[in-house]
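# Commentary on secondary and tertiary structure
Listed below are the residues making up each chain.
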Amino acid sequence: TVDATGTITVDPDNTAGTPSSSPTLCINTALTDITIATTGATGIGSASGLPGGVTASWSSNTITISGTPNASGTFSYTIPLTGGCGTVSASGTITVNDLPAVDAGIDQTVCGGDNVTLNGSGASTYTWDNGVTNNTAFTASTTTTYTVTGTDANGCIGTDNILVTVNTLPTVSAGIDIAVCIGNSVTLNGLGALTYLWDNNVTNADAFSPISTLSYNVVGTDANGCTNTDFLQVTVNAVSYTHLRAH
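The sections below set out a description of the structure shown in this document. Computed from a predicted model, the values in this text were never measured in an experiment.

### Here we look at the overall build of the chain
A tally of helices and strands in the chain yields zero helices and 20 strands. By the compact-globule yardstick of 18 Å for 247 residues, the chain is too spread out, its C-alpha radius of gyration being 41 Å. Dimensions of the chain along its principal axes, counting C-alpha atoms only, are 185 × 20 × 20 Å. Relative to its 247 residues, the chain shows a buried fraction of 29%. A sequence separation of at least 24 residues applies to 52% of the contacts in the chain between residues at least 6 apart. On the chain, roughly 14400 Å² of surface is accessible, and the fraction owed to carbon and sulfur atoms is 49%.

Rendered as structure tokens:
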């Protein structure tokens, strides 16, 4: 009597472990590699559910998920194992947050010496360049583009910029000081701007008769709405009369 003998080897089903992380990150930020240990498998099939820009690879019984996501949302992915026994897939979740829509505001035009206040919106905190503090007035001295970086509650960052145009002030001249005799008329003419406003009830380029020595201030406004000032003094001299007597 002869008996046939042999060995039957029963391999266990493939296994896929728990992902090393279920990350939450900002869009367009590199993903810290996610690893998943496997047994029994000889590779992986096509992954599904991963965000754009992220891929999966397999080597030495380890799945590695890497890349930079270019889409936002919550992504539940599945990666089928190949080879070995059974139908097994690795799975996990990646959450990708959008960047905040940061707004620096509309461009501004100011006159030299004016205060400017910049306010970012669309995020939680704001950092400006050029030494600017959000929502704090400062004096803009030259035309400059200001960039704001806004960070939201998720730690995601967005940027925007604003152009602040600084117009120079007009060089206003009231003219040279004048000396007149009382009763004589005087005409004051401002120069260097577009319109002029005098104090002491004087109208630009209109004659008047001063009765006492005074300083006259003029405010000149240019085409940009910027103003500057100057002054002159009108000295009014009393008339001296000489009386002649006949002998």
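### Section: the side chain of asparagine 97
On the secondary structure map, asparagine 97 appears in strand β8 (residues 89-97). Among the residues examined, asparagine 97 registers a relative accessible area of 17% and is labelled buried. In this structure asparagine 97 touches Thr24, Leu25, Cys26, Ile27, Ser72, Asn154 and Cys156, once residues within four positions along its chain are discounted.

### Concerning the sheet that holds strand β5 (residues 54-59)
On the basis of which strands lie adjacent, the open sheet formed by four strands has the order β1-β3-β6-β5 and antiparallel pairing. A strand with exactly one partner marks an edge of an open sheet, and here the two such strands are β1 (15-16) and β5. Relative to strand β6 (residues 62-67), strand β3 (residues 34-39) is paired through four bridges, and the arrangement is antiparallel. The residue of β6 that forms the bridge with alanine 37 is threonine 62.

### Re the side chain of threonine 144
Tracing the backbone through its elements, the reader meets threonine 144 in strand β13 (residues 144-151). Reaching out from threonine 144, the side chain makes a polar contact with the backbone oxygen of threonine 142 at a distance of 3.1 Å. Once residues lying within four places of it in the same chain are set aside, the contact partners of threonine 144 are Asn130, Ile162, Leu163 and Val164.

### Focus: the state of the cysteines
In this structure the tally under the stated criterion is two disulfides. In this model, cysteine 111 is linked to cysteine 226 through a disulfide, with the two sulfur atoms separated by 2.1 Å. As the torsion about the S-S bond is roughly -90 degrees, the cysteine 111-cysteine 226 disulfide counts as left-handed. Taken together, the residues cysteine 111 in strand β9 (residues 108-111) and cysteine 226 in the loop between β19 (214-221) and β20 (227-237) connect sequence positions 115 residues apart. With respect to burial, cysteine 111 and cysteine 226 carry one shared label: buried. Once the bonded cysteines of the chain are numbered in order along the sequence, the disulfide links fall as 1-3, 2-4.

### As for the environment of glycine 183
Here glycine 183 lies in the loop between β15 (178-181) and β16 (186-187). Glycine 183 gets classed as exposed once you look at its relative accessible area, which sits at 57%. Once the C-alpha coordinates of glycine 183 and leucine 50 are considered, the two residues, 133 residues apart in sequence, prove to be 93 Å apart. If we skip the residues at most four places from it in the chain, glycine 183 touches Ser209 and Pro210.

### Points about the sheet that holds strand β11 (residues 125-128)
In spatial order, the strands read β9-β14-β13-β11; together these four strands make up an open sheet with mixed pairing. Bordering the open sheet on either side are β9 and β11, each of which pairs with just one other strand. Each neighbouring strand pair of the sheet contributes to a mean axis angle of 30 degrees, computed without reference to strand direction. As paired strands, β13 and strand β14 (residues 157-167) are joined by eight bridges and run antiparallel to one another.

### Considering the pairing of β3
Side chains Ile34, Ile36 and Thr38 of β3 all project onto a buried face; the interleaved residues Thr35, Ala37 and Thr39 project onto a face where none is buried. Sheet analysis places β1 next to β3, joined by two bridges and oriented antiparallel. The partner of threonine 15 across the bridge, within β3, is threonine 39.

### What about the nonpolar core?
Core analysis: the biggest nonpolar cluster contains 17 residues, and Leu31, Ile63, Ile65, Tyr77 and Ile94 have the highest contact counts within it. Top contributing element to this core by residue count: strand β7 (residues 73-82), with four residues. Each residue touching leucine 31, except ones within four places of it in the same chain, is listed here: Pro23, Leu25, Val54, Ile65, Ser66, Gly67, Pro69 and Ile94. If you look at the next biggest cluster of nonpolar residues, it comprises 15 residues, including Val102, Val110, Val116 and Trp128.

Reading the values: rules and limits
Residues numbered from 1 in each chain as written. Predicted model: local features only at pLDDT ≥ 70, side-chain atom pairs only at ≥ 80, totals over all residues. Heavy atoms only, no water. Helix = DSSP H or I, 4+ residues; strand = E, 2+ residues; numbered from the N terminus. Rg over C-alpha atoms; globule rule 2.2 N^0.38 Å. Buried < 20%, exposed > 50% of the residue type's maximum accessible area, 1.4 Å probe, protein only. Contact = heavy atoms within 4.5 Å. Areas by Shrake-Rupley, 256 points an atom, 1.4 Å probe, with all protein chains shown as cover. Pairing = 2+ DSSP bridges. Polar contact = N/O pair within 3.5 Å; in protein donor to acceptor, adjacent residues only side chain to side chain. Disulfide = S-S within 2.5 Å. Axes fitted to C-alpha atoms, helices over the stretch in contact; angles between N-to-C directions. Core = buried A, V, L, I, M, F, W, Y, C linked by side-chain atoms within 4.5 Å.

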